[in-house]
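# Reading the structure
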Amino acid sequence: MKKILFAIVAGLISAVALTNESYAQTQDDMASVASAKNYHKKPNDNVSDNSNTINLNMANTKALKNFRKQYKVNNEKWVLGTDCIIANYKLDGVNHFVYYDKKGHWAACVKAYNEDKIPRDIRKMIKQEYYDYKILIVQEVETYESHSVPTYIVTIEDDKNIKQIRIGDGGMDVYKEYKRS
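Source: prediction; values computed, not measured. (Residues numbered from 1 in each chain as written. Predicted model: local features only at pLDDT ≥ 70, side-chain atom pairs only at ≥ 80, totals over all residues. Heavy atoms only, no water.)

## With respect to the overall build of the protein chain
Selection rule: Secondary structure follows DSSP: runs of H or I at least 4 residues long count as helices, runs of E at least 2 residues long count as strands, and numbering of each begins at the N terminus. We call two residues contacting when some pair of their heavy atoms lies within 4.5 Å. For the accessible areas, the method is Shrake-Rupley and the probe is 1.4 Å, while residue cover comes only from the protein chains on display.
The number of helices and strands found in the protein chain is 4 helices and 9 strands. What you see in the protein chain, going N to C, is helices and strands ordered as α-α-β-α-β-β-β-β-α-β-β-β-β. Restricting to contacts in the protein chain with at least 6 residues of sequence separation, those with at least 24 account for 36%. In the form shown here, the protein chain has an accessible surface area of approximately 11400 Å², with 50% of it arising from carbon and sulfur atoms.

Laid out in C-alpha cells, this is it:
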C-alpha cells in the first residue's frame, strides 16, 4: 500500500505543478505551462503534443461511468498517465484528483487544499508538534486498500526547513525533509 501511496503522491505533485497559479520559472517556461493548462479548451484534438490531457471520447468508458456516478461533477479534465487515467477538478477551493487503472477501476482519490480546509483534529495534531511551522498544502489520499480512510501528507515550512508530514492510522511521522540553503 505504501508503494501505491507514494506513486499517487508523486503523480499528484506533478499534477499540482501544472494546475498551480504561481510560477518560479522563466517567461519561456511559463508560456509552455500556460499552453498546457489551456489545452482542454481545444475542440477537435484527442491528445496534445505537449500534454497528456485527453477528451472524454478517449477516457475509459468504465472510468467515466464510475466517475459520473460517484462524483457528480461535469467540469473535470482527464489526463492519461503512464499506468492510469486521472480525472481532476476543483470544487470549493479543493483540487480533486481521481485515479483509475487502465481497466477503469477506481484506484485512489487525492484532494489538495490549503490550511483553511484541513480538518481541525489534523491541524491541531500538526500545530502541537510543529507550532512554529506554516502549513503550505495538504494532500488527503484515499486508496482502495485504505478502505476510504484518508492519509494526509502535509507540507510545512519554517525559516530553515521544509517537511512533509504523513498522518494516518492515528500516527504522525516525517515523510520527507529538506533543508533551506
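## Structural notes on the side chain of Arg166
Note the cut-off: Within 3.5 Å is the distance limit for a polar contact, defined as a pair of N or O atoms, with the added protein rule that one can donate a hydrogen and the other accept it, and that residues adjacent in sequence qualify only through two side-chain atoms.
Considering the arrangement of structural elements, one finds Arg166 in strand 8 (residues 161–168). Here Asp173 takes part through its side chain, which lies 2.7 Å from a polar atom of the side chain of Arg166.

## Comments concerning the confidence of the model for the protein chain
The predicted coordinates ought not to be read in detail in places where the model reports low pLDDT. The line we're drawing: As a per-residue quantity, pLDDT reports the predictor's confidence and falls between 0 and 100.
On average, the protein chain scores 77 in pLDDT, and the residues at 70 or more come to 67%. Across the protein chain, element-level confidence peaks in strand 7 (residues 151–157) with a mean pLDDT of 97 and bottoms out in helix 2 (residues 27–37) with 35. In this model, residues 1–7 is a region of pLDDT below 50 whose contacts with residues beyond four sequence positions or in other chains number 10 contacts. Across residues 12–50, where pLDDT falls below 50, the model places 38 contacts with residues more than four positions away in sequence or in other chains.

## Some thoughts on the environment of Gly168
Just so we agree on the cut-off: Residue burial is assigned from relative accessible area. The probe radius is 1.4 Å, only protein chains are included, and a residue is buried under 20% of its type maximum, exposed over 50%, and partly exposed in between.
With respect to the secondary-structure elements, Gly168 resides in strand 8. Taking relative accessible area as the criterion, Gly168 reaches 24% and is therefore assigned partly exposed.

## With respect to the packing of aromatic side chains
Let me state the cut-off plainly: Note on aromatic contacts: the rings of Phe and Tyr and the six-membered ring of Trp form a pair at centre separations within 6.5 Å, being stacked when their planes are under 30 degrees apart, edge-to-face when over 60 apart, and tilted otherwise.
For the structure on display, the rule yields 6 aromatic pairs. The structure contains a cluster of three or more aromatic residues connected by ring pairs, namely Phe67, Tyr71, Trp78, Tyr89 and Tyr100.

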